[in-house]
Amino acid sequence: MPKIIDAKVIVTSPGRNFVTLKIITEDGVYGLGDATLNGRELSVASYLQDHVIPCLIGRDAHRIEDIWQYLYKGAYWRRGPVTMSAIAAVDTALWDIKGKLAGLPVYQLLGGASRESVMVYGHANGTTIEDTVKTALEYQAQGYKAIRIQCGVPGMASTYGVSKDKYFYEPADADLPTENVWNTSKYLRIVPELFKAAREALGWDVHLLHDIHHRLTPIEAGRLGKDLEQYRPFWLEDATPAENQEAFKLIRQHTTTPLAVGEIFNSIHDCRELIENQLIDYIRATVVHAGGISHLRKIANLADLYQVRTGCHGATDLSPVCMAAALHFDLSIPNFGVQEYMRHTPETDAVFPHAYTFADGAMHPGEAPGLGVDIDEELAAKYEYNRAFLPVNRLEDGTMFNW
Ligand SMILES: O=C(O)C(=O)C[C@H](O)[C@H](O)CO
Ligand SMILES: [Mg+2]
């Protein structure tokens, strides 16, 4: 058996913080797993270092499911983003090891390719509608078949999804949380105008997506969905906070605009009600925050029964290790929808050399054994952890709101 003899947590900040787990086996084969939880990185690093790694030593790296169950059931304290990101890192690293030992890319172990490549969506944003449309046209020229569009809201100093630097959107931008201000009425007026302008400029052969980032009530989301139907959005994401899953029934009663939810979900139990009641069209859970490749496959299998497709979260705070794992998963499952791809900075890409590629609006994980991603530890050591928080959000009267 490939016995696990060592494991370590690597925290590095090549432009932003990443937490990576490296599991090493007796014969020197190692695997990597992403454990990055944006704005709360060190909690997962400690969970792994202090509570998981000691339990891994001596175990058979091939027993992925058993180790998953051991960490999940054995902790007693189930679910939650910290636990599930830590378990995800172990699971991902073990799939990487299994692939390397088999001499096969992970997607082959998951049943092989169900498609030639996976469609990804890029992020076009700008402070004005014109700016956003201009950026979206650039994405279209680069071959993207799906583009998320977000623009600034007149009268608001900052808006979710609109970056200072258009190429690499980075919300975790300060060592204490930045305070944003929100006005729903202003927002609801601008989004249909953005979609109208985007359709006029980009035509109808490109998928347009939009992220509400949990900012609307169900009835407001229903109204926006209805207003946007004429522009045929691919999806509206995180229309309302999803703790109360019943809320999505109200949105569904008012609009046929497809809905996507789940980037902050950690478990199949967070997804179950939405999927079984067909209240969403796309499930956004991804490898690092939802228990790894093994658990995400269970979520996808459940979703497949209800014609819900996947749309894995793929923001820059998910490392190239997660990106690689997500691409192997996306390529293999029958009910793939789309994969988010925000692109990493050149500094990040240099720390995590990878085999995955982008061409014509789609990505492929490559044919390297395992995940096809590595970490340059010497380079990683040069980028120290840099405390960075996600912003918080208030209504104009100072009420604390959803970011
Ligand atoms: O990529 C998206 O859809 C997001 O909503 C990005 C999130 O705000 C980001 O990943 C938070 O860490
Ligand atoms: Mg989102």
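Per chain, residues are indexed from 1 in the order of the written sequence. Chains and ligands are labelled by the order in which they are written, letters from A for the one and numbers from 1 for the other. Only residues with pLDDT of at least 70 get local features here, since the model is predicted, and only at 80 or more are side-chain atom pairs given and counted; chain-wide, interface and lining totals rely on the full set of residues. Side-chain numbers come from the whole structure's heavy atoms, not from hydrogens or water.

**Student:** Could you clarify how one ought to interpret the overall build of the protein chain in this entry?
**Tutor:** Helix and strand labels come from DSSP, where a helix needs a run of H or I of at least four residues and a strand needs a run of E of at least two; each type is numbered from the N terminus. Helix and strand counts for the protein chain come out as 13 helices and 16 strands. The size measure is the radius of gyration over C-alpha atoms, and the globule rule it meets is 2.2 Å times the number of residues to the 0.38 power. The C-alpha radius of gyration of the protein chain comes to 20 Å, within 12% of the 22 Å expected for a compact globule of 403 residues. Taken over the C-alpha atoms alone, the protein chain extends approximately 60 × 45 × 45 Å along its principal axes. Looking at the protein chain as a whole, 59% of its 403 residues qualify as buried. By sequence separation, contacts in the protein chain at least 24 residues apart represent 73% of the contacts at least 6 residues apart. In short, Shrake-Rupley with a 1.4 Å probe defines the accessible areas, and a residue's cover is counted only from the protein chains shown. Within the structure as shown, the protein chain displays about 15,800 Å² of accessible surface, and the carbon and sulfur contribution to it stands at 51%. Counting rule for charge: Lys and Arg are taken as positive, Asp and Glu as negative, and neither His nor the chain ends is counted. Note on charges: their place is set at NZ of Lys, CZ of Arg, CG of Asp or CD of Glu. Computing the positive centroid from 37 side-chain charges and the negative centroid from 51, the protein chain places the two 4 Å apart. Accessibility here uses a 1.4 Å probe with only protein chains present; expressed as a share of the type maximum, an area under 20% marks a residue as buried, one over 50% as exposed, and anything in between as partly exposed. The contact definition used throughout considers only heavy atoms, calling two residues in contact when any of these lie within 4.5 Å.

**Student:** Any chance you could explain the coordination of the magnesium ion (ligand 2) here in plain terms?
**Tutor:** Around a metal, the ideal angle is 109.5 degrees if four donors adopt a tetrahedral arrangement and 90 or 180 degrees if six donors adopt an octahedral arrangement. For the magnesium ion (ligand 2), the full set of protein donor atoms is D211 (OD), E237 (OE) and E263 (OE), at a range of 1.9 to 2.2 Å. In primary sequence terms, the donor set of the magnesium ion (ligand 2) follows D-x25-E-x25-E. Separated by 52 residues along the polypeptide, D211 in strand β7 (residues 207–211) and E263 in the loop between β9 (259–261) and α9 (268–276) bring together distant segments of the chain. In this structure D211 comes out as buried when scored by relative accessible area, which is 2%. Here the coordinating atoms are restricted to nitrogen, oxygen and sulfur within 2.8 Å of the metal centre, or 3.2 Å for Na, K and Ca, and because water is not among them the sites may look incomplete.

**Student:** I'm lost on the environment of A93 in this one. Help?
**Tutor:** Tracing the chain through its elements places A93 in helix α3 (residues 81–102). Linking A93 and N386, residues 293 residues apart in sequence, is a C-alpha distance of 25 Å.

**Student:** Would you explain the state of the cysteines in this entry?
**Tutor:** Between two cysteines, a covalent bond joining their sulfur atoms is known as a disulfide. When two cysteine sulfur atoms lie within 2.5 Å, the pair is treated as a disulfide. In this structure the tally under the stated criterion is zero disulfides. No disulfide involves C271; its nearest neighbouring cysteine sulfur is the one of C312, lying 11 Å away. For C271, a relative accessible area of 0% puts it in the buried group. Free cysteine: C312, not disulfide-bonded; nearest cysteine sulfur from C322 at 7.7 Å. Of the residues examined, C312 reaches a relative accessible area of 0% and is grouped as buried.

**Student:** Sorry, what's going on with the site of ligand 1 here?
**Tutor:** Lining the immediate surroundings of ligand 1 are 15 residues, of which Y160, H213, E263, D317 and E340 lie closest. As used in this structure description, the phrase polar contact means that two N or O atoms lie within 3.5 Å; if the pair is within protein, one of them must be able to donate a hydrogen and the other to accept it, and residues adjacent in sequence are counted only when both atoms belong to side chains. Between ligand 1 and H213, the relevant distance is 2.8 Å, taken from an oxygen atom to a side-chain nitrogen or oxygen of the residue. When isolated, ligand 1 has an accessible area of 330 Å², and the protein chains bury 94% of it. Throughout, the ten residues Ala, Val, Leu, Ile, Met, Phe, Trp, Tyr, Cys and Pro are labelled nonpolar, Asp, Glu, Lys and Arg are labelled charged, and all others, Gly among them, are labelled polar. In terms of residue class, the shell around ligand 1 is built from four nonpolar, four polar and seven charged. Being near a molecule or strand, for a residue, comes down to having at least one heavy atom within 4 Å of it.

**Student:** Even after reading the chapter, I still don't get helix α8 (residues 247–254), so can you show me in this structure?
**Tutor:** Every α-helix winds through 3.6 residues per turn, so residues three or four apart in the chain are directed the same way. Of the residues making up α8, those classed as buried are A247, F248 and I251. Buried residues in α8, looked at end-on, bunch into an arc of 95°, giving them a common side. Where α8 is buried, its residues contact α7 (218–228), β9 and α9. An arc is given here, and it is the one of the directions from the helix axis to the C-beta atoms.

**Student:** What is the right way to read the packing of helix α2 (residues 64–74) against helix α10 (residues 292–305) from this model?
**Tutor:** Between the N-to-C directions of two axes lies an angle of 0 to 180 degrees, each axis being a line fitted to C-alpha atoms and, for a helix, fitted only over the stretch in contact. In the contact formed by α2 and α10, the axes pass within 9 Å of each other and the chain directions differ by 90°. Here α2 is positioned roughly perpendicular relative to α10, judged by the angle of their axes. Contacts between α2 and α10 involve I64, E65, W68 and Q69 from the first element and S294, H295 and K298 from the second. Partitioned by chemical class, the residues of the contact of α2 with α10 number two nonpolar, three polar and two charged. An angle below 35 degrees is treated as roughly parallel, one above 145 as roughly antiparallel, one from 65 to 115 as roughly perpendicular, and anything else as oblique.

**Student:** Can you help me understand the domain arrangement of the protein chain in this one?
**Tutor:** Quoted interface sizes are often the accessible area lost when the parts come together. Taken domain by domain, the protein chain consists of domain 1 (4–105) and domain 2 (109–367). Where each domain starts and ends comes from a domain assignment, either automatic or drawn from a database. Between the C-alpha centres of domain 1 and domain 2 the distance comes to 26 Å. Opposite the 32 residues of domain 1 that make contact, domain 2 presents 34 residues. Each partner contributes to the roughly 2,500 Å² buried at the junction of domain 1 and domain 2, and carbon and sulfur atoms together form 61% of this total. Values labelled buried area give the accessible surface lost by two parts on being combined, using a 1.4 Å probe and summing over both. Per-residue buried area on domain 1 facing domain 2 is highest for D34, W95 and P105; these three make up 24% of the total on that side. One side-chain nitrogen of Lys or Arg within 4 Å of one carboxyl oxygen of Asp or Glu is enough to make a salt bridge. For the interface between domain 1 and domain 2, the tally reads three salt bridges. Between E65 and K298 there is a salt bridge, with the nearest N and O atoms lying 3.1 Å from each other. Counting across the domain 1 and domain 2 interface gives 11 residue pairs in polar contact (both at pLDDT 80 or more).

**Student:** Please explain the environment of Q142 as it appears in this structure.
**Tutor:** Along the chain, the position of Q142 falls in the loop between α5 (129–141) and β5 (146–151). Overall, Q142 belongs to the partly exposed group, its relative accessible area being 40%.

**Student:** Before we go on, may I ask you to explain the sheet that holds strand β15 (residues 392–395) in this structure?
**Tutor:** Strand-to-strand pairing in sheets goes through backbone hydrogen bonds, with the strands running parallel or antiparallel. The three strands are arranged β6-β15-β16 in an open sheet whose pairing can be described as mixed. The open sheet is flanked by β6 (179–182) and β16 (400–401), the only strands paired with a single partner. Here a strand pair is declared whenever DSSP counts at least two bridges between the two strands. In terms of strand pairing, β15 meets β16 through two bridges, oriented antiparallel. Following the sheet pairing, N393 is matched in β16 by F401.

**Student:** Teacher, can you tell me more about the side chain of S85 here?
**Tutor:** Considering the arrangement of structural elements, one finds S85 in helix α3. A residue is classified by how much of its surface remains accessible, and S85, at 0% relative accessible area, is buried. For S85, the side chain forms a polar contact with the main-chain oxygen of P81, separated by 2.6 Å. Aside from chain neighbours lying at most four places away, what touches S85 is D34, A35, L37, V44, V288 and H289.

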